[in-house]
Amino acid sequence: MSNSFRTTNSTGLINKDKKINFTFNGTIYHGYEGDTLASALIANGVHLVGRSFKYHRPRGFLGVGVEEPNAMVQLHDGNKSEPNIIATEVELVEGLKAKSQNCWPSVQFDIGEINNVLNRFFPAGFYYKTFMWPKSFWMKIYEPFIRKAAGMGKAPLLPDPDRYEHNYEHCDVLVVGSGPSGLASALAAAKNGARVILAEDKPNFGGSLLTDEVTIGNMSGKEWASDTISQLKSMPNVILKKRSQVFGYYDHNMTVMIERVSDHIENPSKYTPRQRLHYIRAGEVIVSTGSIERPISFGNNDRPGIVLASAAKEYMKVYETLVGKKPIIFTNNDTAYSTALEFIKNDIEPIIVDTRDSSNGELVKEVQQKGISIKFNSGIADTKGHLKINSAIIGKLDSSKESFISEETVECDCICMSGGWTPTVHLSSQAGNKLKFNDDIDAFVPDKKRQKETAIGAANGSFTLNQSLAEGFQVGFDLSNKFTDQNNPTNSPNSNEPSYEKHEKLWCMPLPSGKKPKRFIDFQNDVAVSDVELAIREGFRSIEHVKRYTTLGMAGDQGKTSNLNGLQYVSKIEKKIVPEVGHTTFRPPYTPVTIGAIVGREVGNHYLPTRKSPIHTWHEENNAVFVAAGLWQRPRYYPRGSEDMNSAVNREAANVRKNVGICDVTTLGKIDIKGPDAPEFLNRVYTNAWLKLPVGKARYGVMLREDGMVFDDGTTSRLSENHFHMTTTTAQAANVLSHLEYYLQVVWPDLDVNVLSTTEQWSGIAVAGPKSRDLLSKLFPDVDMSNEGLPFMGLVDSSIDGIKARIYRISFSGELAYEVNVESNYGLYTWKKIMEVGQSFDIQPYGTEALSTLRIEMGHVAGAELDGRTIPFDVGLNSMVSQKKDFIGKRSLSKDAFTESDRQTIVGLVPLDKKTKIPEGSHIIEDNSAVAPIPKLGHVSSSCWSVEYNNPFSIAIIKDGKNKIGKNLYAVSPLKDISIPVEVVSSHYVDPEGSRVRS
Amino acid sequence: MLEIKCPYCGKRSQNEFSYGGDATIKRPQLGEEISTEDWDNFVYYRDNPRGKHSELWHHVSGCRQWFKVSRDTATHEIFDTCKMNEDFNV
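Residues numbered from 1 in each chain as written. Chains lettered and ligands numbered in written order. Predicted model: local features only at pLDDT ≥ 70, side-chain atom pairs only at ≥ 80, totals over all residues. Heavy atoms only, no water.

## A few points about the pattern of salt bridges
At step 1: Per the counting criterion, the structure on display carries 60 salt bridges over all chains.
At step 2: Put simply, K313 of chain A and D212 of chain A hold a salt bridge, and the shortest N to O gap is 2.9 Å. With K313 of chain A in helix α7 (residues 309-317) and D212 of chain A in the loop between β9 (196-199) and β10 (215-216), this pair connects stretches of sequence that are 101 residues apart.
At step 3: Looking at K313 of chain A, the relative accessible area reads 8%, which means it is buried.
At step 4: With relative accessibility at 29%, the residue D212 of chain A sits in the partly exposed group.
At step 5: Across the pair D40 of chain B and K895 of chain A runs a salt bridge whose closest N-O atoms are separated by 2.6 Å. Linking D40 of chain B in helix α1 (residues 36-43) with K895 of chain A in the loop between α24 (890-893) and α25 (896-899), this pair reaches from one chain into another. Here the two residues D40 of chain B and K895 of chain A agree in accessibility, since each one is buried. (Salt bridge = Lys/Arg side-chain N within 4 Å of Asp/Glu carboxyl O. Helix = DSSP H or I, 4+ residues; strand = E, 2+ residues; numbered from the N terminus. Buried < 20%, exposed > 50% of the residue type's maximum accessible area, 1.4 Å probe, protein only.)

Have a look at this one:
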């Protein structure tokens, strides 16, 4: 039955000269270039595509585009596998593989279909009612079972191999949708000189003009569309985008559009992205998104072969494909008659069932003139056919249209239904537009706009071609006039289309006599009329509650075909008008978007920028293991041979204590501070005094937030009278700069000070250990490195091989230490030079782990102690707090809670067994055998292996710390399930007098 | 994503900026005697209005200037922006 459902004409948009092979559920079929997976399957007579979500009922195609609720497939396999793709949106490409989902063992025979037989046990809200007891069953029985049964396709387990890109665009006017109104507005705006982007979801521009028999000017609608596109293409101020769905409308006219770039190409270039996400900031957005046809609810209206009338027409006209050869057209309005006429053109005589008593519309008359009789005042009561429809029960409606007075069975192989049209208002609504209900068309249309957005054409409820074109040309011109001064309007051409009579307000058929078949409203979620009735019977009144209880309008299609029918039914039961019932909220995305596209190129190492010190290559060459410090990559340790981390860290730290070590501290934040008020500014920013710092000296400083918590610390040096060099911690560098700028620009603009980040201009190299003086003396022979010549906290300018260098005598390790700063580009050279000269002093590089070990032993605080919850008193920095001056955060320090003497303060901990390492984050408690809840005294902030004493040592912050020194407590880690007896000691574990740094 | 007009650079996307809170808060003078209540009001307490709000933004990935923005907290409409030493026009 290869392509036996093709029409014989070739007026569509497929290329029958180019065959394309594809596989569906293991069977090889062929279609043609221009086909979608849906049209190719239908052409091959395949309607059964998948199984429904809840009852596993056989399902086929309902629509032809984004509105499709049923025909979801799993595409491709392996790492390209993608679930829940609607077949109507997949362009056929050679070798395409697709399969049905939500069925086992096969789509023809699906065991899950037992749910359909048992459907009385699965009413709306059954999750909430069924699995409530016994409570203990939830985690182990119900939940795993529901998980297995739920969901549609399967997510791929392998990383996505495809490339996705992001693009940022700006334009004056963005036109969404390329139907008659969209084309008209784009043309008018572009001719008036505005920068225009026209976006079309489908592979072809033209929208309804591709399927409607109309004339515009002296051309057919289709010709006019193609002519307009050619005109737009030739204009430099226009960007045309097909296969591009604008799915989200966000604040300040930011819209987001997904472009399918290469899915339809057989062998795309490796560098062509699969999809591209466009962020478009538009001056004005024209929403010309058209409308979507509504289904009608009747018994078993979900069988494969039951489609929307407009979809059947598009399959014939665009894809040269027949949805069936024995069609029934079932409608409450005139538009479905154009589908009937299309069948007639293909020598197929449809049966027409119309709920109305009569219609004098032009299309209806045309059908009648062709000798086709119409069953007016009738409806479809029920259908038959398990895997595909084979007959319908057509009933004559009584005068109230609440029941059937007679029923007849008619054979058919498809039903093309039309319940009228719903404007696609999603984007307007997302933009904040308050919709209003238009009683003439029984649908919501945009009304009060909040953003620069204008709906036109069918999306605005203007269903006639004349209206659409007129609105398009007018709005396109008016809006573009805001951006150009050309004042060049384009006149709307004359157009011709058939006249239509009014639709009937009837979307749900009565039940057939003596039966209660399901009448579906929402196909994707298996929500039937009875579920809505149940929800209301059980007291759900708000439409948002009805939605959530029944799941009406949820899932991938977001109720594109079901929302209004649901509302209409609620309003009928509740005897309220629709606007009183209201509508649920439209949220982005309008159509599902691949996560890969949202992420774009921000994957793997591109997830964040990577910052590397200029010495990075040396670290790599010397076997460094790196650790992320914010965005920076820092050497963590440098293992030798088969050394593990602990041995390497102990070796590196011990070498600093014994000989000399070298550490890359380029990552420290550096801020250049200049201006006559610079000393006064530092005096306000830091807790200690700065006015009298002599030129050529460094000072340690602590800064607070206004709430009194320690914000950051570091050394700042006075380079000249009004010029300072501030250093910050690596982690807070950016925040400190913003903080300084805030106070200079917002709070004290009268201060004459400038600040500038110089973090990346300087490369910093710490040289620490007892042999550091001898090493530096050799490196800088013209500098007096003696304790008198360059004392602790002194600094001196010198040079090394002609490279300017600034040497600070500062120490984080607690040893005699220096920090050599050179211009970044010379960092690597200088480092290598120091390593070379240092060989005779047993120099070794050390990483961040050894750096931590050294500072923890010394009781120097760092980020783990300065965690935003500690004031200077808590971390032993009270001596840094000036009593004589005011500074940022000072007033907070005198608040009651901050002056309590038993606040949690910093101490050292040593395990009694001198062996067991105390996990960071452990809780400190007094009584190990107490019954929970046990009072917590504090927590362990930092832990290391003391290389000085060869046993574990930790810093902790505990209640009334000072008075706990000498006591035995317990460090407990519920995570690791251990409890370690510890002795409380001073946090200054090594060299408490600080004699080494001054030696 | 908002579009914010930096008074120094012009219109830029929100991702170039960071938010800086209520622009009407005045820091107490240095050395000023101040009650705990007043200090707490300065440090912690902020109004959370629905509607027009004067706020600070910082053009961190741009000119690094702090400036004032008058914004509707419910609709995100931005009425005006100005430099720190200027007043809003609307």
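## Considerations on the sheet that holds strand β19 (residues 351-354) of chain A
Residues and elements named next belong to chain A.
At step 1: Read from one edge to the other, the open sheet built from five strands follows the order β17-β24-β18-β19-β20, with strand pairing classed as parallel. Each having just a single partner strand, β17 (306-308) and β20 (374-375) make up the two edges of the open sheet.
At step 2: Alignment of strand β18 (residues 327-331) against β19, held across four bridges, turns out to be parallel. If you follow I328 over to β19, its bridge partner there is I351.
At step 3: Packing of α7 onto the sheet brings it into contact with β17 and β24 (414-418), and relative to β17 it is tilted by some 85°. (Pairing = 2+ DSSP bridges. Contact = heavy atoms within 4.5 Å. Axes fitted to C-alpha atoms, helices over the stretch in contact; angles between N-to-C directions.)

## Some details on a negative patch on the surface
Residue and element names in this part refer to chain B.
At step 1: There is a patch of like negative charges on the surface, built from E32, E33, E37 and D38.
At step 2: Mapping E32 onto the fold places it in the loop between β3 (18-22) and α1.
At step 3: For E32, a relative accessible area of 38% gives the class partly exposed. (Patch = residues over 30% accessible without salt bridge, like charges linked within 9 Å, V, L, I, M, F, W, Y side chains within 5 Å. Areas by Shrake-Rupley, 256 points an atom, 1.4 Å probe, with all protein chains shown as cover. Lys, Arg positive; Asp, Glu negative; His and termini not counted. Charge placed at Lys NZ, Arg CZ, Asp CG, Glu CD.)

## Quick word on unusual backbone geometry
Residue and element names in this part refer to chain A.
At step 1: With omega at 0°, the peptide bond leading from P588 into P589 counts as cis.
At step 2: If you trace the backbone, P589 turns up in the loop between α15 (578-581) and α16 (595-599).
At step 3: Looking along the chain, the bond that leaves A932 and enters P933 is cis, with omega of 0°.
At step 4: Looking at the element boundaries, P933 is found in the loop between β46 (923-925) and β47 (938-946).

## So, the environment of V984 of chain A
At step 1: Among the structural elements, V984 of chain A can be located in strand β50 (residues 978-985).
At step 2: With 325 residues separating them in the primary sequence, V984 of chain A and N659 of chain A have C-alpha atoms 30 Å apart.

## Regarding helix α13 (residues 543-550) of chain A
At step 1: Considered for burial, the residues of α13 of chain A that qualify are I543, V546, K547, Y549 and T550 of chain A.
At step 2: The backbone nitrogen of E544 of chain A has a side-chain oxygen 3.0 Å away, supplied by the residue at the start of α13 of chain A, namely S542 of chain A. (Polar contact = N/O pair within 3.5 Å; in protein donor to acceptor, adjacent residues only side chain to side chain.)

## Concerning the nonpolar core
Residue and element names in this part refer to chain A.
At step 1: Residues L37 and I415 are the most contacted members of the largest nonpolar core, which totals 80 residues.
At step 2: If you tally residues by element for this core, the top one is helix α8 (residues 336-345), at six residues.
At step 3: Ignoring any residue separated from it by four or fewer positions in sequence, one finds L37 in contact with F22, V73, L75, A87, V90, L92, L96 and A98.
At step 4: In this structure, V175, L187, L198 and W224 belong to the second largest nonpolar core, which totals 30 residues. (Core = buried A, V, L, I, M, F, W, Y, C linked by side-chain atoms within 4.5 Å.)

## Some words on the interface of chain B and chain A
Frequently, the measure chosen for interface size is the accessible area that the parts lose on association.
At step 1: Chain B puts 27 residues into the contact, and the matching count from chain A is 26 residues.
At step 2: Interface area for chain B against chain A, summed over the two sides, is near 2,300 Å², with a carbon-plus-sulfur share of 53%.
At step 3: On the chain B side of the interface with chain A, the three residues burying the most area are M1, R27 and L30 of chain B, jointly 27% of the side's total.
At step 4: Here E3 of chain B and R281 of chain A are joined by a salt bridge, their closest N and O atoms 3.8 Å apart.
At step 5: Summed over the shared surface of chain B and chain A, the number is 16 residue pairs in polar contact (both at pLDDT 80 or more).
At step 6: The set of elements that each furnish at least two residues to the side of chain B that touches chain A consists of α1 and β4 (52-58) of chain B.
At step 7: Across the side of chain B that touches chain A, the residue classes tally to 13 nonpolar, nine polar and five charged. (Buried area = accessible area lost by both parts, 1.4 Å probe. Nonpolar A, V, L, I, M, F, W, Y, C, P; charged D, E, K, R; others polar.)

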